[in-house]
Structures are given as structure tokens and as C-alpha cells.
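# Examination of the molecular architecture
Each chain, letter by letter, is given below.
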Amino acid sequence: MISENVHRPTVGLALSGSGSRLVFYIGFLEELAAQEVPIDYIAAMSGASIVAAAFSCGRLREFKEEVFSLDKEKVMAMLPKGKGGLYSLDELEEYGRQHVLDNMRFEDVRPLLGFVASDIETGEQVVLSMGDLARGVRISCTLPFFFEAVKWGGGTLVDGGLLNRIPVDVAKQAGMDIVVGVNMRGTPHLFTNGQLAIKRTYNFFKKALMVEYLERVWDFLNDDDGGENSFEQQPPMLSVLGRSMDLALKAGDKESEQPDCDLMITPDIKKFRIKNIESTRQELYELGKKTARQNGPKIKELVKQKQAAQVSAASRA
């Protein structure tokens, strides 16, 4: 009788950014659903947020069809040149809103979602969990320099992977009893170690030689409007890139260990490079399904153990 009064432990997934490897998450979530693995919350960032949104909207199958029909030419056709970045995500955001997410809001979908973003003005992590779902996806996918930073709630937001590798903390803050992390990051940081090394060197010489004046000249030349308040409207992309790399360096200095969670899944993705992602798309999708088949029973066992512990605690109370 006691067990009937004990609720099932809640399960949260913490999905790292996946970049172009997002097809993995399609197979992964598809297979977990087929196994009826309970999922109450998904914390995600970057490419993982797109898949998580489609899953929570009940549109994963349609999204999979869209993804498998895409090629580089189709994607680039929806990426016009940007002002605060090389490209603008405006068209892709609207396409996703109309054709994948059905204009849904965070409040409308289950499992609940939390998308991780980084505020490059404050250097703080921001979790998006209310409002327009398509806009939340777009913000979490905004890779600095490549895409325009987004003004949101008084901040300037870019990809959450800048400050967080695997959003275990977000799932825990959402109150999940069990947190399962998935590490799909090809590098420990949003930027490569080589890129960060160059930025460290640049910062050293900047401090030593006092070249702030040169930065201001560069930012002015990079600003199409030349307005003195233009940074508040859309920060020049090189300023965004420099600030983002500084934050990545700072985050990397603080983070030395893998996040603590109930289960950490780290698929072997070394052979899936960006250059061959189209030719290996099916294989990556199958890896997602295989990984879920291997770990779905583990998640169910964690739920069973946690519930048994709750029942035991309730019986002693």
C-alpha cells in the first residue's frame, strides 16, 4: 500500500551540444521512447535543443524526415548573410517555427525543456524555459561569430556551450530525481584548443602592448551603420567572438572534471567529422538508437532503485 503513495522518480536528460551530429539524438530519443523510458525534463543546448524541441512537440518523426532530406545547398540557401555574424538564423528560425514546432511555446510541451544560452555581456549562463520555443532553439544554436547574437531580456545571448559542456546542473535545478548526461562534444570547449591558445596569446600581447585603440578601430570598421550605440542593437561580430572566447577560457579554467550525475553516456563519435556528416548520417542515427538500447535498461533500473529507496524511506517514517 505504501508503494502506491510513492511517486515515480523523475528523470531528466542533460544533452550536450552536438553541432552537425544532431542526427544521433534523433535515434537516441526515438529509441528511448520506443522502450518507454520515462523522461520528464530535457536540458539541452546547440543542436541538441532542436531535436529535444521536436521530440517534446511530438514531431520527431517529421523532423527526422526533414533532416534526412537536407543537404548543404538547402541549408545554405536558408542562411543569408548576417550583420552581427557571418550568417543570420532568421529564416531557419521561422522555418522551424512553422514546419517543425507548430508555433508552440515551452509551456505547451512535454517533457519540459530548458535550453542553455550564454550572456556575453554578463558572462552568465541563462536557461530558456518560457516563451517562444523556436526562438529558444535559435538562441541556443547561436554559435558566436558564425551567427548573429540575439538580444533577449536585456542580455546578448549566444550558444550555451560557451559556458557549459553538459547541462547536468540545469536538470538538477529543475528538480529531477535522476539525471542522465549525454556527452557528444568533440572538444572539451565550444572552441578548439588551438583557437583558445591563439586567444590566450592575443590577450597577453593586448595587455602588454595596450592595443585597445586598435580594437575600437576594428569594431568601428566592422560596424556597417557606424552608429555610436550600435553595439547595444547588434554587437559587431568580432567583438562577440573575442568576448565569447574570453568566456570560454574562463569557463575552461574552472571546469576540470566531468559533471556529477546518475549516469553519463559518452558515445564514440571520433569518426563522425563535419566534412563527412552527410555520408555518415544514417550510421550516426543508428549509433543513437544503439546507444539508447544499451542505456535504456540502465535508466529504468535507476528509476526502480530510486523508487525502492523512496518506498523504504516511507515505510520507516
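One numbering rule holds for all chains: residues counted from 1, following each sequence as written. Two thresholds apply to this predicted model, a pLDDT of at least 70 for residue-level local features and 80 or more for giving and counting side-chain atom pairs, whereas whole-chain, interface and lining totals are computed over all residues. Only hydrogens and water are removed before side-chain values are computed, so all heavy atoms of the structure are retained for them.

With that settled, consider the packing of aromatic side chains. The geometry of an aromatic ring pair is captured by the separation of the ring centres together with the interplanar angle, meaning the angle of the planes. Any pair of Phe, Tyr and Trp rings, taking the six-membered ring for Trp, is counted once the centres come within 6.5 Å. Such a pair is stacked with planes under 30 degrees apart, edge-to-face with planes over 60 apart, and tilted for the rest. In this structure the tally under the stated criterion is 4 aromatic pairs. Centroid distance Phe24 to Tyr25: 5.5 Å. Interplanar angle 75 degrees. Geometry classified as edge-to-face. Here Phe24 and Tyr25 have matching classes, each one buried. Measuring from centroid to centroid gives 5.8 Å for Phe24 and Phe28, while their planes differ by 15 degrees, and the two rings are stacked. Taken as a pair, Phe24 and Phe28 lie in helix α1 (residues 23–34) at a separation of 4 residues, close to a single helical turn. Under the relative-accessibility criterion, Phe24 is labelled buried at 0%. Judged by relative accessible area, Phe28 falls into the buried class, the value being 0%. Remark: exposure states derive from per-residue accessible area (1.4 Å probe, protein chains only) relative to the maximum for the residue type, with buried under 20%, exposed over 50%, and partly exposed in between. Numbered from the N terminus, helices here are DSSP runs of H or I no shorter than four residues, and strands are runs of E no shorter than two.

As a further point, take the environment of Leu101. Residue position: Leu101 is located in the loop between α5 (90–99) and β3 (112–119). Taking relative accessible area as the criterion, Leu101 reaches 6% and is therefore assigned buried. For the pair Leu101 and Leu133, spaced 32 residues apart in sequence, the C-alpha to C-alpha distance is 7.5 Å. Contacts between residues were defined by any pair of non-hydrogen atoms, one from each residue, lying within 4.5 Å. Once you skip the residues sitting within four places of it in the chain, Leu101 turns out to touch Ala53, Ala54, Cys57, Gly96, Leu133, Ala134 and Val137.

Each residue carries a pLDDT value, the predictor's own confidence for that position, ranging from 0 to 100. Predicted confidence across the chain gives a mean pLDDT of 81, with 72% of residues reaching 70 or more. Counted against residues more than four places away or in other chains, residues 194–199, with its pLDDT under 50, gives 10 contacts. Within the model, the stretch residues 224–234 combines pLDDT values under 50 with 13 contacts to residues more than four positions away or in other chains.

Along the chain, the position of Gly136 falls in helix α6 (residues 133–140). Measuring from C-alpha to C-alpha, the distance between Gly136 and Ser49 comes to 8.4 Å, with 87 residues separating the pair along the chain. Contacts of Gly136, omitting those with residues within four sequence positions, involve Phe106, Phe115 and Leu128.

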